[in-house]
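# Coordinate inspection notes
Here is what each chain is made of, one letter per residue.
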Amino acid sequence: MDATSSSLTLGLALAVVSGLMNGTFTLPMRYLGRWSWENVWALFILIACILMPVVIATTTVSRLGETLRQAPMNAIAMAVLCGFAWGFGAVMFGQGVSAIGISLANTFVLAISSSLGSFLPILVLDPGKLFERQGESIMAGTAIAILGIAFCGYAGKLKERSQVNVNVRQEMVGQARPFWIGLLLCGGAGVLSAVFNIGYSSAQGIVHTAVRLDNSAFAGSNIVWLLMLTGGAIANLGFCAHLFRKNRSWSKYTRSKSMSLYGLTLVMGLLWGGSIFVYGSAAPKLGRLGPAIGWPLSLSVGLLTANLCGIFAGEWRFSRAVERVFMGVGLLVLILAIITLGWSGTLS
């Protein structure tokens, strides 16, 4: 096997690992009900959005301070502002998982963010491309995704109606809400997650500056993640601080027999934060195949893994066959949408 094939194989393997990590990171939330939502989410954000990015950026980037000083100010501003906006989406996602479960929440958010993550950057940065071949394929992929979301949403609605008197929450952290509120939360999370891609696309000047100062493109991307995730952490921790004051829940950190809760939250942070940096390592190895194969592969693996986690956690234990069929068809349609969107990335 030559060096190019080895690099491609490693890149694909890392893309799969990234999807597995992204698909499983919410599973611990099923078993953290002894803490309030803000206890879990604040610690998760500290690990995934502050500690990990700082450690990875400082260990992979040489002359980090000089790179930030020389990078275009507009690129830095876009990274921080888009990260801050994404942060509110992360809050909505965390609340959405508590409301409607791992399976449906991840499905809606991944589907919306993957389609809008392709559509919005072109719409904002280069709207003329919408009527070229790439733009048309992105719009087609987005339309397919909407169809898949409709199937999954209908499955979720049927499931809610059939399980009105069934308690399947186990120890899910957070507050139970009606299905439509959870759906709105996940829809908002998906839209704001797409803003994350706009920020990354607009911050490429930082990557170019890092490369000019003898860093790799991967190291340059880690600077962008550092800025964006820190911006997002501000929004998340601000909301958690409000809940700490409102619910007087800060003291739950000191409860006895809480080590397992700390451990599960640590796993959450490492899985989600790690999924970003693992895919950041995969992308350069895939080259032009990244948007065509690596990106849809990672998202599809994440989508399927999240649904398997939902099944493992008992979210579909009492569902009827018709609900499982609609959900299965929706997942297949969404995977087709992701593949279409990935293929569109090769047409630029």
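Residues numbered from 1 in each chain as written. Predicted model: local features only at pLDDT ≥ 70, side-chain atom pairs only at ≥ 80, totals over all residues. Heavy atoms only, no water.

Okay, the overall build of the chain next. Secondary structure assignment for the chain yields 12 helices and zero strands. The C-alpha atoms of the chain give 20 Å as radius of gyration, which agrees with the globular expectation for 348 residues (20 Å, within 12%). The principal-axis extents of the C-alpha atoms in the chain amount to approximately 60 × 45 × 40 Å. Burial status across the chain gives 55% buried among its 348 residues. Considering only intrachain contacts with a sequence separation of at least 6, the fraction spanning at least 24 residues in the chain is 88%. In the structure as shown, the chain presents an accessible area of about 15,000 Å², 69% of it carried by carbon and sulfur atoms. Measuring between centres, the 23 positive side-chain charges of the chain sit 12 Å from its 11 negative side-chain charges. (Helix = DSSP H or I, 4+ residues; strand = E, 2+ residues; numbered from the N terminus. Rg over C-alpha atoms; globule rule 2.2 N^0.38 Å. Buried < 20%, exposed > 50% of the residue type's maximum accessible area, 1.4 Å probe, protein only. Contact = heavy atoms within 4.5 Å. Areas by Shrake-Rupley, 256 points an atom, 1.4 Å probe, with all protein chains shown as cover. Lys, Arg positive; Asp, Glu negative; His and termini not counted. Charge placed at Lys NZ, Arg CZ, Asp CG, Glu CD.)

Moving on, we get to unusual backbone geometry. With a phi angle near 60°, Arg63 is a residue other than glycine that sits in the positive phi range. Here Arg63 is to be found in the loop between helix 2 (37-60) and helix 3 (64-70).

Moving on to the packing of aromatic side chains. In this structure the tally under the stated criterion is 20 aromatic pairs. Ring plane angle 65° and centroid distance 6.2 Å describe the contact between Phe44 and Trp272, whose orientation is recorded as edge-to-face. You can see Phe44 sitting in helix 2 and its partner Trp272 sitting in helix 10 (residues 259-286), a full 228 residues away along the chain. Phe44 sits in the buried class, given a relative accessible area of 3%. The exposure class of Trp272 is buried, given its relative accessible area of 12%. Centroid distance Tyr154 to Phe326: 4.8 Å. Interplanar angle 80°. Geometry classified as edge-to-face. Of this pair, Tyr154 sits in helix 6 (residues 133-162) while Phe326 sits in helix 12 (residues 321-344); the two residues are 172 residues apart in sequence, bridging distant segments of the chain. A residue is classified by how much of its surface remains accessible, and Phe326, at 25% relative accessible area, is partly exposed. Within the aromatic cluster, the residues linked to one another by ring pairs are Phe25, Trp37, Trp41, Phe44, Trp86, Phe93, Phe196, Tyr200, Trp225, Phe239 and Trp272. (Phe/Tyr/Trp six-rings, centres within 6.5 Å; stacked < 30°, edge-to-face > 60°.)

Moving on, we come to the packing of helix 2 against helix 10. One can describe the packing of helix 2 onto helix 10 by two numbers: an axis separation of 8 Å at closest approach and a directional angle of 45°. The angle between the axes of helix 2 and helix 10 places the two elements in the oblique class. Like other packed secondary-structure pairs, helix 2 and helix 10 cross with a definite hand, here right-handed. Residues Val40, Trp41, Leu43, Phe44, Ile47, Ala48, Cys49, Met52, Pro53 and Ile56 of helix 2 lie in contact with helix 10, whose contacting residues are Tyr262, Thr265, Leu266, Met268, Gly269, Leu270, Trp272, Gly273, Gly274 and Phe277. (Axes fitted to C-alpha atoms, helices over the stretch in contact; angles between N-to-C directions. Parallel < 35°, antiparallel > 145°, perpendicular 65-115°, else oblique. Left-handed = near helix turned anticlockwise from the far one by under 90°.)

The next thing to look at is the state of the cysteines. What the rule picks out here adds up to zero disulfides. Just so you know, Cys152 is unpaired, no disulfide at all, and the nearest cysteine sulfur is the one on Cys186, 12 Å from it. In this structure Cys152 comes out as buried when scored by relative accessible area, which is 0%. Residue classification places Cys186 among the buried positions, given a relative accessible area of 0%. (Disulfide = S-S within 2.5 Å.)

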